[in-house]
Structure formats: C-alpha cells, structure tokens
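Each chain, letter by letter, is given below.
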Amino acid sequence: MKLFEVYPLYDVIPIKGEGVYIIDDKNKKYLDFYGGHAVISIGHSHPKFIENLKKQINKIIFYSNAIINPLQNQLAKKIQEHFSIKNYKLFLCNSGAEAMENALKLCSFHTNKKRIISFKNSFHGRTSAAIAITDNDNIKSPINKQQKVTFLELNDSKSLEEELKKGDVCAIVIECVQGVGGLDQVNEKFIDSLEKLSKKHKACVIADEVQSGFYRTGDFFSFEKFNLKPHIITMAKGMGNGFPIGGILINPEIKAKYGLLGTTFGGNHLACTASLSVLEILEKIDLKNKIIELEAYFRKKAKRISSIKKIKGRGLMLGIEFPFEVKELRRKLILEERIFTGGSSNKNLIRILPPLTIEKKHIDLFFNSLKKLT
Ligand SMILES: Cc1ncc(COP(=O)(O)O)c(C=O)c1O
C-alpha cells in the first residue's frame with residue numbers, strides 16, 4: 001500500500017534526535033531551527049523526558065476517561081503554576097485542531113450564537129470548524145465552507161465593532177503572534193478594544209496559543225503580554241515535545257456540564273506524563289530571560305545580512321523576510337547546510353522555531369550558513 005501524498009517532501013530521513021540536532025539515515029547531522037513545526041520545546045530525546053515516559057509505559061499507558069486519571073489533575077496544577085490567571089479549568093485532547101474545535105463548540109454552547117470572527121492570514125487547524133476559520137480557501141472543502149465566519153484585518157478595531165454590533169458572534173479567535181500566516185502581531189490598542197468590545201457584545205475570545213504557547217515567545221502564553229482574559233486558550237505543539245497532546249483552558253464564566261465535551265484518547269497517561277515532563281524540564285531554565293536574550297542576539301546577527309528586509313515575530317517564534325521567494329534558499333539550507341527551517345504563507349519569509357534549548361552558538365551557525373547562501 002502507498003501513502004496518500006499530503007505534503008511535498010524533502011529527501012531526508014531522520015532516524016535520531018539529539019538536543020537541537022536531527023541525525024539522518026546516512027549519519028548526517030542537521031541543526032533543527034524548525035522544531036518539527038514549533039513542537040520540540042525541550043530538545044530531542046531529552047534524557048529526563050525519556051526516563052519519565054519509560055517509567056509510565058511500565059505502569060499504565062491508557063485507560064478510559066470515564067475513570068479517574070490523577071495525572072490530569074497533576075498537569076492542571078502544574079500548568080497553573082506557569083500561568084498568571086487563576087481558576088481556569090483544563091480539558092485535554094490530542095492536537096491543536098481538536099483544541100480549537102472544542103473551544104469553538106464551547107463558545108457556541110455558552111453564547112447560543114454561531115458566527116465566528118477570525119483574522120486575515122490566520123491558521124487554526126484542518127478539522128471542520130478550525131479550517132473554516134483558517135484564512136486559506138485552497139484547503140477548504142465545500143463541507144468546511146458551511147460555517148458562518150467573517151475574516152477581518154488584524155488590528156482593525158473599527159471593523160470588529162461593526163461586526164460585533166450585529167449581535168450574532170459567538171467567538172473572536174486570535175493568534176497574538178500569527179504562525180503559519182507569517183509572524184504578524186496584534187497591537188496593544190487592538191487587544192484593549194477586543195477585550196472591551198467582546199464583553200459589551202457578549203462574544204467569547206479564544207486565544208490560539210497552539211504554536212505560541214509553552215514559552216515559545218518568552219511568556220508562557222503570548223497573550224499574557226496584554227491586558228486580556230480570554231474565555232478559552234487553546235494549546236498543543238510545544239506541550240508534549242512530540243508526544244501528541246492538546247488542550248484548552250476554560251474561563252470560569254463557562255460552566256462545565258456533562259455532555260458538553262468528551263474524548264477517548266485525550267489526556268491519557270502517557271500524554272500527561274509527556275507534558276508534565278516538558279514543564280518539569282522547562283522550569284529548570286530561566287526561560288523568560290534566556291529567550292529575550294536569544295531574540296536580541298538573533299536580531300543583532302540578522303542586521304549584518306544586508307539582503308534581510310525585516311525580522312518579524314517574538315521570542316523564538318521568528319520570521320526572516322527577504323525581498324525574494326525563499327523556497328530555494330530553504331532547500332539549500334536543508335540539503336547543503338543541513339539546517340531545518342520553516343516556511344509560511346508569506347513566500348518571502350523563513351520561519352524560525354527552534355527548540356527552546358538552543359544557544360547563541362547555534363544562532364552563529366545558522367547565520368554563517370545564511371551568509372554563505374545569500
Ligand atoms: C496557531 C495554530 N493553531 C492550530 C494549529 C493546528 O494544530 P494541529 O496541527 O496540532 O492540529 C496550528 C498548526 O500549525 C497552529 O499553528
């Protein structure tokens with residue numbers, strides 16, 4: 001049987017991961033500045049992560065969510081230690097798209113409304129409602145186009161108010177730092193009006209932190225830089241360092257009731273152990289200061305390359321914009337320089353999403369290669 005082709009593939013076969021490096025089947029070593037799409041937070045094959053997972057495998061891997069799983073409570077408690085707002089509740093699932101489906105469903109239950117406001121260039125996943133609120137018609141099927149969605153320009157408070165006045169909006173979904181769309185960011189003024197307008201018009205706010213969460217931008221969640229108290233926060237990628245896990249944090253305004261949500265695999269014993277281990281390991285690093293310092297270092301090095309038009313993004317969620325398309329440059333970075341980077345819907349932009357454990361010397365390696373190729 002053959003595989004159903006869904007992505008164009010680079011001709012590299014990784015067989016091993018080691019910290020910020022990937023090793024392929026020909027024993028070639030690649031610097032990972034992509035983190036498998038912002039997933040690798042603590043680095044590949046972290047010994048503590050492996051040890052914890054092995055121990056858990058020997059105990060129990062999975063059991064039904066109809067039975068108590070204390071690891072879920074431990075994870076909720078641990079996430080609270082990292083998150084500045086109190087009293088949210090945790091629901092666990094398996095991916096970012098699933099987190100968004102559950103978030104949208106809850107907001108619609110809560111408000112009894114169904115139109116969603118999303119933003120130009122947003123990406124929220126590939127399942128039913130998540131893809132409907134993603135700004136890319138090429139990847140939507142007719143079934144996905146049934147949802148009631150309005151796309152607005154990012155940071156346009158006037159249009160937001162006009163749409164909310166119509167009274168039928170259940171949720172406004174925001175990536176404070178856009179990922180797939182190319183690292184555009186919200187501004188403080190916009191978030192202030194979003195917070196006020198959503199309250200006034202009784203619409204929920206969903207902060208999509210699937211890519212930007214778990215310290216990717218330096219803060220635990222990227223929205224924490226602002227004065228915003230979302231109804232729901234979605235998370236996934238960096239949460240499990242490659243073990244599939246996603247989740248939503250739910251504001252106490254939304255009350256739990258049996259039947260609203262449910263899942264077979266979400267929050268299983270192994271997934272919780274993976275995420276608990278990620279947090280345990282991240283706690284040992286002074287992440288906030290480290291990420292601020294690495295971002296500044298990255299920006300300083302980038303200034304020395306004249307063909308770079310702009311650096312976008314925040315923390316270790318960065319984009320390098322060139323005045324030309326970067327497809328060939330990314331191909332050369334992988335195949336000639338052995339460095340993985342990411343693309344985005346902005347064809348002129350390289351996305352940088354390394355493990356949060358990188359050091360300045362890895363940034364030096366990256367810029368040496370970039371200089372050679374540009
Ligand atoms: C901001 C954002 N939301 C949601 C998703 C969907 O996550 P997943 O691929 O785990 O379903 C992604 C994936 O890239 C994302 O970047």
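Sequence order sets the numbering: in each chain, residues are counted from 1 along the sequence as written. In view of the model being predicted, local features appear only for residues whose pLDDT reaches at least 70, and side-chain atom pairs are presented and counted only at 80 or more, with totals across whole chains, interfaces and linings using the full set of residues. Excluding hydrogens and water, the side-chain figures rest on all heavy atoms present in the structure.

A.B. asks: Before we move on, could you go through helix α4 (residues 96–111) and cite the residues and values that matter?
C.D. replies: For an α-helix, the turn length of 3.6 residues means that residues three or four places apart are oriented alike. Each helix is a run of DSSP H or I of at least 4 residues and each strand a run of E of at least 2, with the numbering of both proceeding from the N terminus. How far a helix is expected to stretch is found by multiplying one less than its residue total by 1.5 Å. The end-to-end C-alpha distance of α4 is 23 Å, a good match for the 22 Å that 16 residues give at a rise of 1.5 Å each. Within the span of α4, buried status applies to Gly96, Ala97, Ala99, Met100, Asn102, Ala103, Leu104, Leu106, Cys107 and Thr111. A distance of 3.2 Å separates the backbone nitrogen of Glu98 from a side-chain oxygen at the start of α4, and that oxygen is part of Ser95. Just downstream of α4 lies Asn112, where phi reads positive at about 55 degrees. Buried, partly exposed and exposed residues are distinguished by accessible area as a fraction of the type maximum, computed with a 1.4 Å probe on protein chains only: under 20%, between the cut-offs, and over 50%, respectively. Contacts described as polar in this section are N or O atom pairs within 3.5 Å, which, within protein, must combine one atom able to donate a hydrogen with one able to accept it, while residues neighboring in sequence count only if both atoms come from side chains.

A.B. asks: Requested: an account of the site of the ligand, with residues and values cited.
C.D. replies: By convention in this text, a residue qualifies as near a molecule or strand provided that one of its non-hydrogen atoms is within 4 Å of it. Looking at the ligand, the residues that line it are His37, Ser95, Gly96, Ala97, Phe123, His124, Gly125, Glu175, Asp208, Val210, Gln211 and Lys237. The contact in question runs from a nitrogen atom of the ligand to an N or O atom on the side chain of Asp208, over 2.8 Å. With the chains in place, 83% of the 390 Å² that the ligand exposes on its own is no longer accessible. Grouping the constituent residues of the shell around the ligand by class yields 3 nonpolar, 6 polar and 3 charged. In these tables, accessible area is a Shrake-Rupley quantity obtained with a 1.4 Å probe, and a residue counts as shielded only by the protein chains included in the view. Charged means Asp, Glu, Lys or Arg here, nonpolar means Ala, Val, Leu, Ile, Met, Phe, Trp, Tyr, Cys or Pro, and polar covers whatever is left, Gly included.

A.B. asks: Describe the pairing of strand β12 (residues 317–321), naming the residues involved and giving the relevant values.
C.D. replies: Where burial is concerned, most of β12 is hidden: 5 out of the 5 residues are buried. Here β12 shows no split at all, with Met317, Gly319 and Glu321 on one side and Leu318 and Ile320 on the other all buried. For two strands to be treated as a pair, DSSP must find at least two bridges joining them. Bridge count for strand β11 (residues 310–314) against β12 is 5 bridges, and the pairing is antiparallel. Its bridge partner being in β12, Lys310 is matched across the sheet by Glu321. Adjacent in sequence and paired antiparallel, β11 and β12 are bridged by 2 residues, among which Gly315 carries a positive phi angle near 65 degrees. Summarising the sheet, β12 and strand β14 (residues 349–352) pair through 4 bridges and their orientation is antiparallel. Of the residues in β14, the one forming a bridge with Glu321 is Leu349.

A.B. asks: Requested: an account of the side chain of Glu295, with residues and values cited.
C.D. replies: When you line up the elements, Glu295 lands in helix α9 (residues 287–303). Within the local environment of Glu295, its side chain forms a polar contact with the side chain of Arg299, the two groups lying 2.9 Å apart. Not counting chain neighbours up to four residues away, the residues in contact with Glu295 comprise Gly313, Arg314, Gly315 and Leu318. Whether two residues are in contact is decided by their heavy atoms: any pair within 4.5 Å suffices.

A.B. asks: Which residues make up the nonpolar core, and what values do they have?
C.D. replies: Grouping buried Ala, Val, Leu, Ile, Met, Phe, Trp, Tyr and Cys residues that are joined through side-chain atoms within 4.5 Å yields what is termed a nonpolar core. The biggest cluster of nonpolar side chains holds 78 residues, and the ones touching the most others in it are Ile172, Phe298, Phe366 and Leu370. At 9 residues, the largest contribution of residues to this core is made by helix α8 (residues 269–282). Each of domain 1 (14–33 + 289–373) and domain 2 (49–282) accounts for three or more of the residues forming this core. The residues contacting Phe298, other than those within four sequence positions of it, are Phe33, Ile311, Leu318, Ile320, Ile352, Ile363, Phe366 and Phe367. Core analysis: the second largest hydrophobic core is formed by 23 residues, Ala103, Leu106, Ala130 and Ala171 among them. Residue ranges labeled as domains rest on an automatic or database domain assignment.

A.B. asks: Mind laying out the pattern of salt bridges, listing which residues take part and the relevant values?
C.D. replies: By convention in these notes, a salt bridge is any Lys or Arg side-chain nitrogen within 4 Å of a carboxyl oxygen on Asp or Glu. Counted under the stated rule, the structure contains 22 salt bridges. In this structure, the salt-bridge partner of Asp137 is Lys140, at a minimum N-O distance of 3.6 Å. When its relative accessible area of 53% is taken as the criterion, Asp137 is described as exposed. Two residues, Glu337 and Lys372, come together in a salt bridge whose shortest N-O distance is 3.2 Å. Linking Glu337 in the loop between α10 (327–335) and β13 (339–340) with Lys372 in helix α11 (residues 360–373), this pair joins segments that are 35 residues apart in sequence. Judged by its relative accessible area of 61%, Lys372 is exposed. Within the structure, one salt-bridge network assembled from shared partners comprises Arg115, Glu163, Lys166 and Asp168.

A.B. asks: Please set out the domain arrangement of the chain residue by residue, giving values where relevant.
C.D. replies: According to the domain assignment, the chain consists of domain 1 (14–33 + 289–373) and domain 2 (49–282). Using C-alpha coordinates to define each centre, domain 1 is positioned 27 Å away from domain 2. Counting residues at the interface gives 18 residues for domain 1, matched by 22 residues for domain 2. The term buried area refers to how much accessible surface (probe radius 1.4 Å) is lost by two components on association, counted for both of them together. Summed over both partners, the interface of domain 1 with domain 2 comes to about 1500 Å²; 55% of that surface belongs to carbon and sulfur atoms. Considering only the side of domain 1, the residues that lose the most area to domain 2 are Arg314, Met317 and Leu356, jointly responsible for 50% of the buried surface there. Counting across the domain 1 and domain 2 interface gives 2 salt bridges. Where Arg314 meets Asp219, a salt bridge forms, and the shortest distance between an N and an O atom there is 3.5 Å.

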